Every structure is written in structure tokens, then in C-alpha cells.
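Residue strings, one per chain:
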Amino acid sequence: MTNSKHTNGGVSLPLNQILSGDCIEVMDALPENSVDLIFADPPYNLQLKGELHRPDNSKVDAVDDHWDQFDSFKVYDDFSRDWLRAARRILKPNGAIWVIGSYHNIFRVGACLQDAGYWIMNDVIWRKSNPMPNFRGMRLTNAHETMIWATKDEKSKPTFNYEALKALNDGVQMRSDWVLPICNGHERLKDAEGNKAHPTQKPESLLHRVLVGSTNVGDVVLDPFFGTGTTGAVAKKLGRNFIGIEREEAYREVAARRIKDTRKFDNESLQVSTSKRAAPRVPFGQLVERGMLNPGEKLYALNGRHTAKVRADGTLIGNDCKGSIHQVGAALEGAPSCNGWTYWGFRKEGKTMPIDLLREQIRAEMGA
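We now turn to the structure provided with this report. The shown structure was predicted, so the numbers you read here are calculated from the model rather than taken from an experiment.

Structural notes on the pattern of salt bridges
Turning to step 1, where the next piece is worked out: In total, this model carries 15 salt bridges according to the counting rule given.
Turning to step 2, where the next piece is worked out: D177 serves as the salt-bridge partner of R175, at 2.9 Å between the closest nitrogen and oxygen.
Turning to step 3, where the next piece is worked out: Across the salt bridge formed by E204 and K237, the nearest N and O atoms sit 2.7 Å from each other. Of the two residues, E204 is situated in helix α5 (residues 204-214) and K237 in helix α6 (residues 230-237); the sequence distance between them amounts to 33 residues.
Turning to step 4, where the next piece is worked out: Note on E204: relative accessible area 18%, which makes it buried.

Structure (C-alpha cells):
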């Protein structure tokens with residue numbers, strides 16, 4: 001992975017680096033339309049009043065750091081509008097953003113996001129399989145956080161690896177509620193005193209799903225609130241480039257060590273399932289042109305009910321109907337439509353094989 005990359009304007013991006021400073025100022029200094037995806041875990045503005053204790057009176061290590069302190073909702077909203085504006089400027093036209101938050105802030109951030117011109121694709125509920133209990137017993141256990149997935153604007157066409165997410169979900173369409181554990185055990189980073197290095201460290205499983213689903217190998221992923229570098233570590237493993245922005249030196253040091261010790265998966269392992277809709281179009285006539293099927297050759301419906309004959313121009317004729325592989329299949333079945341690629345087969349060594357195998361052979365030759 002490289003440490004810089006030239007944009008079309010000839011300006012270098014600080015790839016695979018952790019940048020020090022205020023995220024708004026740093027993003028304002030980056031080239032416009034240069035980032036594929038932004039994952040943002042902004043301050044939650046928890047508004048904690050005093051310390052939080054367990055029933056045994058031990059203190060809970062809650063989020064009470066100075067970076068999560070805002071004087072009012074107005075101050076927090078102004079901050080949200082400013083960083084979202086800066087983020088949108090650097091997103092590519094088909095770029096997208098994920099923002100995660102709790103009930104304390106996500107609704108306010110969502111409104112600012114829409115006001116800034118972003119277009120919301122989904123909200124995703126991350127349901128924690130092992131949430132921290134509610135120690136005071138005064139309200140429900142906070143067992144989830146909300147992520148908003150949005151594009152730069154309504155016309156954007158973001159990366160969405162539908163088939164890859166479906167494969168991650170055991171072959172079932174990925175839903176908008178994700179059950180994943182919070183960061184704990186060996187994954188939880190500690191400081192020199194053995195305390196949590198960061199109070200809201202996100203689990204790598206969450207970022208793995210986000211990046212596999214909405215980026216491709218080589219894409220640029222920016223995290224304006226980098227913390228201890230979960231986004232960077234997962235991006236490196238998955239062959240994506242990252243840009244991290246973090247103003248707290250202690251977090252930068254932990255993140256740098258973590259990412260240095262992270263290894264990228266091999267290139268073959270980084271390939272994911274793709275949708276046939278994303279594959280290059282192969283006209284049926286190309287099979288005839290290339291002699292994979294010949295004029296006059298019979299095709300057989302895979303359900304065994306009909307046959308048709310191939311013509312020189314890549315159309316079919318069968319039972320007084322003629323047209324494309326889709327049109328003839330639909331006419332013979334009396335159906336409004338038909339996917340000819342999965343309807344028709346050809347004979348080879350006494351067996352009926354789907355014509356889609358021939359299309360996939362051509363795609364493989366094209367490197368698709």
C-alpha cells in the first residue's frame with residue numbers, strides 16, 4: 001500500500017497516514033472530490049452529569065473525556081454542520097458516508113446531514129449482542145447504536161456489494177439490523193496502565209461489514225475521528241487505502257502501533273462475490289459469432305417443455321414465434337417476461353447445459 005496518490009488535479013493525498021489536527025481544518029486542506037468513502041464516529045455529546053457507578057459502587061469507565069463536552073445543543077449542531085460540510089466537499093461524486101451514533105446525537109446529526117445535501121440510503125441498527133447493562137435501573141439497557149449510510153447527493157451511485165454482503169449473511173439478503181458484539185477481550189486496546197485506550201473503540205467486525213459492503217479494493221476511506229484506528233486497521237487488511245484524522249496524540253500513538261502490526265490479506269482473498277448486474281454485458285449473438293453455438297442448432301428449455309432454433313443473427317425461432325432468447329422463452333411459456341440465459345440450454349455430450357455457462361466463459365476471458 002502506498003503513502004501518497006496523485007489526484008486528477010495533480011495533488012497528492014496522504015494515503016495510509018494518521019494526520020494530526022482539527023478534522024475540519026484537515027479536510028478543508030484535502031483535494032475536492034478525492035475520497036471514496038467516509039466512516040465517521042463523531043463525539044456523542046453524552047451530557048453526563050457526574051460519575052457513573054455500578055451497584056457495588058465501583059466507577060464505570062464512561063465517556064467523560066473533554067472531546068465529548070459541548071456547551072449546548074447549538075454548539076454541537078454547529079460543529080456537526082461544519083464537519084459534514086467539509087466531508088461532503090472531499091467526497092467523490094459517487095462517494096458515500098457512514099455516520100454512527102447513539103440516541104444522544106444521531107438524530108441531530110441526521111438532520112444536519114440531510115440539510116447539507118446528503119441523500120440517506122439506509123439507517124442500520126447495530127444491535128449489541130453483549131451490551132453494557134443499565135446500572136441505575138432507571139431506563140432500558142442501551143443495546144444498540146444507529147448508523148446512517150448516505151451518498152453525497154441524490155444522483156450519486158455508490159458502491160454496494162450486494163452479493164458480498166449476502167454471502168457474509170449465509171446466503172440471505174443482508175438486513176438493516178446487525179447483531180455484533182461490542183469491542184472486548186483481546187480486541188480491546190489498553191494503555192500503559194492497563195486501562196481502555198479509548199472509551200468507544202468500535203469492533204473490527206462492524207468496520208469489516210461496512211467496508212466489504214460499500215468499498216472496493218484500492219478505494220480511499222477517510223475517518224475524521226480516527227481514535228485508536230479501527231477503520232485504518234480494517235482498511236489495511238482489506239486492501240483499501242485510509243486517511244485518519246485525530247487530534248489526540250495518545251490515540252494517534254496507539255493507532256500507529258496497531259496499524260503497523262496489521263497485515264494485509266493476500267490479493268486472492270480480497271476478491272468478493274459480485275452481482276451479475278455489475279458484470280459486462282454479453283449479447284447472445286456473440287455466442288453465435290464466435291461459433292460457440294451455430295445457426296440451426298437447437299436450444300432446449302431447461303424445464304423440458306420447449307425447443308427453439310438458433311438463427312444467424314442471434315435470434316431464435318420456435319413454434320411460429322421469433323425474437324430474442326428472452327422474447328421466445330416468454331412467448332412459449334405464455335409469460336410476461338423470461339430470462340433467456342437461465343431458461344435455455346444446449347446439448348453437449350448428451351447432456352443439457354445452461355447457455356449461461358457460455359456467457360460466463362466469455363466474461364472470464366474478459367477478466368470480469
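Focus: the nonpolar core
Turning to step 1, where the next piece is worked out: Counting 33 residues, the largest nonpolar core has M27, I38, W83, I97 and L222 as its most contacted members.
Turning to step 2, where the next piece is worked out: Considering every element that reaches this core, the biggest residue donor is helix α2 (residues 73-90), with seven residues.
Turning to step 3, where the next piece is worked out: Setting aside chain neighbours within four positions, we find I97 in contact with L37, I38, W83, L84, L91, L113, Y118, I148, W149 and A150.
Turning to step 4, where the next piece is worked out: Within the second largest apolar cluster, 31 residues are counted, among which are L46, L180, V210 and L238.

Points about the pairing of strand β11 (residues 298-301)
Turning to step 1, where the next piece is worked out: Note that β11 and strand β12 (residues 307-310) share three bridges and pair antiparallel. Bridge pairing in β12 links Y300 to T307.
Turning to step 2, where the next piece is worked out: Hairpin connection from β11 to β12: five residues lie between these consecutive antiparallel strands, with G304 at a positive phi of about 80°.

Structural notes on the sheet that holds strand β9 (residues 220-223)
Turning to step 1, where the next piece is worked out: Taken in spatial order, the eight strands make up an open sheet running β3-β10-β9-β4-β5-β7-β6-β8, and their pairing is mixed. Each end of this open sheet is capped by a strand with a single partner; those strands are β3 (17-20) and β8 (177-180). Averaged over all pairs of adjacent strands, the angle between their axes in this sheet comes to 20°, without regard to strand direction.
Turning to step 2, where the next piece is worked out: Where strand β4 (residues 35-40) and β9 come together, two bridges link them in parallel fashion. For L37, the partnering residue across the bridge sits in β9 and is V221.

Looking at the side chain of T230
Turning to step 1, where the next piece is worked out: Relative to the helices and strands, T230 resides in helix α6.
Turning to step 2, where the next piece is worked out: Judged by its relative accessible area of 7%, T230 is buried.
Turning to step 3, where the next piece is worked out: At a separation of 3.1 Å, a polar atom in the side chain of T230 contacts the main-chain carbonyl oxygen of K202.
Turning to step 4, where the next piece is worked out: Setting aside residues no more than four positions away along its own chain, T230 makes contact with Q201, K202, P203, E204, L207 and R258.

Section: α6
Turning to step 1, where the next piece is worked out: Burial analysis of α6 places six of its eight residues in the buried class, the great majority of the element.
Turning to step 2, where the next piece is worked out: Taken residue by residue, α6 has T230, T231, G232, A233, V234 and A235 as its buried positions.
Turning to step 3, where the next piece is worked out: Against β4, α5, β9, β10 (241-246) and α7 (249-260) lie the buried residues of α6.
Turning to step 4, where the next piece is worked out: Positive backbone phi, at 75°, marks G239, one or two positions downstream of α6.

Topic: the packing of α2 against helix α3 (residues 106-115)
Turning to step 1, where the next piece is worked out: Contact geometry for α2 and α3: axes closest at 9 Å, N-to-C directions at 45°. Between α2 and α3, the angle falls in the class oblique. Seen from above, α2 lies across α3 with right-handed handedness. Mapping the contact onto sequence places F73, Y76, D77, S80, R81 and L84 in α2 and R108, V109, C112 and L113 in α3.
Turning to step 2, where the next piece is worked out: A breakdown of the residues in the contact of α2 with α3 according to their chemical character gives six nonpolar, one polar and three charged.

Side note on the environment of D266
Turning to step 1, where the next piece is worked out: Structurally, the position occupied by D266 is in the loop between α7 and α8 (284-289).
Turning to step 2, where the next piece is worked out: A relative accessible area of 45% means that D266 is categorised as partly exposed.
Turning to step 3, where the next piece is worked out: Only 2.7 Å separates the side chain of D266 from the side chain of S269, close enough to count as a polar contact.

Parameters and conventions
Counting starts from 1 at the beginning of each chain's written sequence and moves along it residue by residue. Local features are withheld for residues below a pLDDT of 70 in this predicted model, meaning they are given only at 70 or higher, and side-chain atom pairs are given and counted only at 80 or more; totals for whole chains, interfaces and linings count all residues. Only hydrogens and water are set aside when side-chain values are computed; all heavy atoms of the structure are taken into account. For this analysis, a salt bridge means a side-chain nitrogen from Lys or Arg found within 4 Å of a carboxyl oxygen belonging to Asp or Glu. Note on conventions: DSSP H or I runs of at least 4 residues are helices, E runs of at least 2 residues are strands, and numbering of each starts at the N terminus. Each residue is placed in one exposure class: buried if its accessible area under a 1.4 Å probe, protein chains only, is under 20% of its type's maximum, exposed if it is over 50%, and partly exposed if it falls in between. For this analysis, a nonpolar core means a set of buried residues of the types Ala, Val, Leu, Ile, Met, Phe, Trp, Tyr and Cys, connected via side-chain atoms within 4.5 Å. By the convention used here, residues are in contact when the closest approach between their heavy atoms is within 4.5 Å. We call two strands paired when DSSP finds no fewer than two bridges between them. Angles here are taken between N-to-C directions and fall from 0 to 180 degrees, while the axes themselves are lines fitted to C-alpha atoms, restricted in helices to the stretch in contact. Whenever two N or O atoms come within 3.5 Å, that pair is a polar contact, provided that in protein one can donate a hydrogen and the other can accept it, and provided that, for residues adjacent in sequence, both atoms are side-chain atoms. Should an angle lie under 35 degrees it is considered roughly parallel, over 145 roughly antiparallel, and from 65 to 115 roughly perpendicular; all remaining angles are considered oblique. Should the near helix be turned anticlockwise from the far one by less than a right angle, the crossing is termed left-handed; should it be turned clockwise, right-handed. When residue character is reported, Ala, Val, Leu, Ile, Met, Phe, Trp, Tyr, Cys and Pro are called nonpolar, Asp, Glu, Lys and Arg charged, and the others, Gly included, polar.

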